[in-house]
Amino acid sequence: MPTIHLTTVIHAPLERVFDLSRSITLHKKSMSHRQEDAIKGRTNGLISYNETVTWRAKHLGKMRELTTKITAMRQHEFFTDEMTSGDFTHMNHEHHFKEIGNGTVMIDILDFGTPYGWFGRVFERFYLCKYMTKLLQERNSAIKGYAESERWRVILD
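Keep in mind the model is a prediction, meaning the values are calculated, not measured.

**Student:** Before we go on, may I ask you to explain unusual backbone geometry in this structure?
**Tutor:** Note: most peptide bonds trans; most residues except glycine with negative phi. Even without being glycine, glutamine 35 reaches a positive phi, approximately 55°. For glutamine 35, the position within the fold is in the loop between α2 (24–30) and β2 (37–41). Positioned with a positive phi, histidine 76 is a non-glycine residue whose angle comes to about 65°. Within the secondary structure layout, histidine 76 lies in the loop between β4 (62–74) and β5 (78–85).

**Student:** In this structure, what is going on with the environment of threonine 104? I would like to understand it.
**Tutor:** Relative to the helices and strands, threonine 104 is located in strand β7 (residues 103–113). Assessed through its relative accessible area of 0%, threonine 104 is described here as buried. Sequence separation between threonine 104 and arginine 16 is 88 residues; the distance between their C-alpha atoms is 9.4 Å. Every residue in contact with threonine 104, bar those within four places of it in the chain, is listed here: Thr8, Val9, Ile10, Ala12, Pro13, Leu14, Val17, Phe97 and Lys98. A polar atom in the side chain of threonine 104 sits 2.8 Å from the backbone oxygen of alanine 12.

**Student:** What exactly am I supposed to notice about the nonpolar core here?
**Tutor:** Within soluble globular proteins, side chains that are nonpolar generally end up buried alongside one another. In terms of nonpolar packing, the biggest core is built from 22 residues, with Ile10, Val17, Leu20, Leu26, Phe97 and Ile143 touching the most fellow members. Mapped by element, the contributors of at least two residues to this core are α1 (14–21), α2, β3 (52–59), α3 (117–147) and α4 (152–156). Setting aside residues no more than four positions away along its own chain, leucine 26 makes contact with Leu20, Ala142, Ile143, Tyr146 and Ile155. Counting 14 residues, the second-largest nonpolar core is a separate cluster that includes Ile4, Leu6, Leu66 and Leu135.

**Student:** Would you explain the packing of α1 against α3 in this entry?
**Tutor:** Axis angle and axis distance: for two packed helices, these are the angle between their axes and the distance between the axes, and together they describe the pair. Interaxial distance between α1 and α3 falls to 10 Å at its minimum, and their mutual angle equals 135°. When the axis of α1 is compared with that of α3, the two are oblique. By crossing handedness, the relation of α1 to α3 is classed as right-handed. When α1 is examined against α3, the residues Arg16, Val17, Leu20 and Ser21 are found in contact with a partner set consisting of Arg139, Ile143, Tyr146 and Ala147.

What counts and how
- Residues numbered from 1 in each chain as written.
- Predicted model: local features only at pLDDT ≥ 70, side-chain atom pairs only at ≥ 80, totals over all residues.
- Heavy atoms only, no water.
- Helix = DSSP H or I, 4+ residues; strand = E, 2+ residues; numbered from the N terminus.
- Buried < 20%, exposed > 50% of the residue type's maximum accessible area, 1.4 Å probe, protein only.
- Contact = heavy atoms within 4.5 Å.
- Polar contact = N/O pair within 3.5 Å; in protein donor to acceptor, adjacent residues only side chain to side chain.
- Core = buried A, V, L, I, M, F, W, Y, C linked by side-chain atoms within 4.5 Å.
- Axes fitted to C-alpha atoms, helices over the stretch in contact; angles between N-to-C directions.
- Parallel < 35°, antiparallel > 145°, perpendicular 65-115°, else oblique.
- Left-handed = near helix turned anticlockwise from the far one by under 90°.

So, in C-alpha cells, the structure goes:
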C-alpha cells in the first residue's frame, strides 16, 4: 500500500493555511479542471471534525464518487480525513501544520490502497502514486497561491 509524503512551505500565517486547507470552496476551485464538485454532506465552507463530504469528479476517464469523513482534528495543528466509500480499498489523508518564522509548513501524508490484487499493486506503483502526488501538488499550489496573496479573503471572509 502506497504512502505519499508531501511538504509545502507557505509564507502565510498558520491559521489561514489551516482554514484554507479545510475549505470545500477552495478545493472545488483547485480541482475545477477535473469537474470536481461536492455533492453531499458539507458542500461549501470549512469542513470540521466528524463531518463528511462526497466528491464527484472525473478521474482516469470516468466520473467517480468519493466520500470522506474528518475523523481527527486539533485546531491549527492537524486534521485527518478517511474514505468511507469510494474506489479505493482504503484512504487516509493526514494534514499537519507547523508554524515557522516566515510562515507555515504544511505536510500531507496520504495512505491508500486499490483493489484488484497484483494488478492493483502494479497500477499503484507505476501510475497511481504519480497521479495522486500530482493532484496533491495542484491542491497545495492553490492553497499556497491563495494564502500568500489577498485572494484568501474571497474564501475565508
